[in-house]
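Now for the letters of each chain:
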Amino acid sequence: MAKGRKNGLYDGISPELSALMRTGWADTERHDLTPSEQAPYAAARREALSARFPGERLVIPSGNLKVRSNDDTYPFRPHSAYVHMTGDQARDCALVLEPREGGGHDAYGYVLPRDGRDDDTFWIGYTAELWMGRRLSLAEAERVLGLACRDVRELPAHLAAGAGVPTRILRGVDAALEAVLTTDEERDTELEDALSELRLVKDAWEIGELRKAVDSTVRGFTDAVGDLSTAVATSERWIEGTFFRRARLEGNSVGYGSICAAGDHATIMHWTSNDGPVRPGELLLLDAGVETHSLYTADVTRTLPISGTFTDVQRTAYDAVYAAQQAGFDAVKPGAPYRAFHEAAQRHLAAQLVEWGFIEGPVDRAYELGLQRRFTMAGTGHMLGLDVHDCASARNEEYVDGVLEPGMVLTVEPGLYFQPDDLTVPAEWRGIGVRIEDDLLVTEDGHENLSAGLPRTSAEVEEWMARVAG
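These numbers were taken from a predicted model, which means no experiment stands behind them. (Residues numbered from 1 in each chain as written. Predicted model: local features only at pLDDT ≥ 70, side-chain atom pairs only at ≥ 80, totals over all residues. Heavy atoms only, no water.)

S.K.: Even after reading the chapter, I still don't get helix 16 (residues 458-469), so can you show me in this structure?
M.R.: An α-helix turns once per 3.6 residues; consequently, residues spaced three or four apart project the same way. Here helix 16 is twelve residues long and its end C-alpha atoms lie 16 Å apart, about the 16 Å a rise of 1.5 Å per residue gives. Considered for burial, the residues of helix 16 that qualify are S458, V461, E462, W464 and M465. Buried residues in helix 16, looked at end-on, bunch into an arc of 165 degrees, giving them a common side. Where helix 16 is buried, its residues contact helix 9 (204-226), helix 10 (228-233), strand 12 (300-305) and helix 12 (312-330). (Helix = DSSP H or I, 4+ residues; strand = E, 2+ residues; numbered from the N terminus. Expected span 1.5 Å × (residues − 1). Buried < 20%, exposed > 50% of the residue type's maximum accessible area, 1.4 Å probe, protein only. Arc of directions from axis to C-beta. Contact = heavy atoms within 4.5 Å.)

S.K.: I'm lost on the pairing of strand 6 (residues 148-151) in this one. Help?
M.R.: On any regular strand, side chains alternate: one points to one face of the sheet, the next to the other face. Of the two faces of strand 6, the one lined by C149 and D151 is fully buried and the one lined by A148 and R150 carries no buried residue. Judged from the four bridges that link them, strand 5 (residues 105-111) and strand 6 form a sheet pairing that is parallel. Its bridge partner being in strand 6, G109 is matched across the sheet by C149. (Pairing = 2+ DSSP bridges.)

S.K.: Help me understand the sheet that holds strand 5 in this model?
M.R.: Sheet strands associate in pairs through backbone hydrogen bonding, adopting either a parallel or an antiparallel arrangement. The five strands are arranged 6-5-4-1-7 in an open sheet whose pairing can be described as mixed. Among the strands making up the open sheet, the edge pair consists of strand 6 and strand 7 (167-169). Geometrically, the sheet is characterised by an average inter-axis angle of 25 degrees between neighbouring strands, direction not taken into account. In this structure, strand 4 (residues 94-99) lies alongside strand 5, joined through six bridges in antiparallel fashion. What sits directly across from P99, in strand 5, is H105. Of the strands in this sheet, strand 5 and strand 6 touch helix 5 (residues 138-145), which is tilted by about 150 degrees from strand 6. (Axes fitted to C-alpha atoms, helices over the stretch in contact; angles between N-to-C directions.)

S.K.: Looking at this structure, how should I read the side chain of T301?
M.R.: Along the chain, the position of T301 falls in strand 12. We classify T301 as buried; its relative accessible area is 0%. Engagement of the side chain of T301 in a polar contact is seen with the side chain of D287, the distance being 3.1 Å. Here E437 takes part through its side chain, which lies 2.6 Å from a polar atom of the side chain of T301. Sequence-distant contacts of T301, that is, excluding residues within four places in its chain, are made with F221, L285, L286, D287, R435, I436 and E437. (Polar contact = N/O pair within 3.5 Å; in protein donor to acceptor, adjacent residues only side chain to side chain.)

This is the structure:
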């Protein structure tokens, strides 16, 4: 039985209450469930993973609840590798691939089944079903996931009993499972790398989910512009809340902490406090993405003149970033080096900064020394998918030193950031931050801008804002 609060209002449970709670429950087993849309794609991903590690047991946990404070937990979000390989989002689970003698693997989903009604665990404690909601039974989980399922509470003993089987585990996700295994850290890292690399090229179902995420994000940006006058009267928090409402309405949540950066907050790469004023005459840098119910996220940025019209200096900075982004776009095509879009955008910004006299030329020297980074700060993009920075554990030779392939989805997001205390630039430039970010799908003959539903040029932005905000 779960431990109660030290200062709870009830001293205990009478035998009569316990007996009452265990009786009178209807059979709610669902027999009408069918495999999820993702199930066949997840099965293909498991086959690809199996081929990389013949003869070895592979353990991929979903993760556990994390405490926010005291007995309050964060909303659970499973590890992306587990989601990718199963389509499941439940806590305290694990995918286990057991090697077969004849080759290949048998896949099992070890899940936390429904609480029974023959003891008090189903209604006592904050993780009980009557507190947190109904879970799937083992039979229901099998039908939905298209995967043989077992009780995860039996997994530690199963792993301990099979200590002679070569095993790898995705580390840092479930400490209890790691504790019953003796594995090699380097070999476990190879598993983590492989799980990331298998997400580099998206399948058709994943691309469809990313389209949904981007489309919802476009609507969220439109909501934010429509509410801009209220944000002026309140703060950046209004913009954050407006976008969050769209994310929760159409998806699971936001895919990352929204950046609603007005004024000189736009010069801070990851400004998520979102507690500053929204003042006409300044810029708003909005970097946000809706995460779908399947946990795929968009990642889009637009920089908007709060008054509806760019000043001359703001427009000059914005147009330079737009031209750099277009140079990056032009480099996104199958067979191109992954780094090509980054180099194209950064070279353009380096040339612009030299022309303005903000860094010393010639341009090739400035770029070789990375001098433009004082004002561009970050790289120009990243892979996108289940994580906003997807495939983060992929090896360099497969990712940043690799080549683009059809089915890859990446962001292109150059920016210029002139800090408010930077004395190397004219005063009128200080406090200006501009980033433009779109989500591109690599196609057979080039690329598709998934976020093309939002305007990109300065003139288009002004026209859009006039139409939406009035």
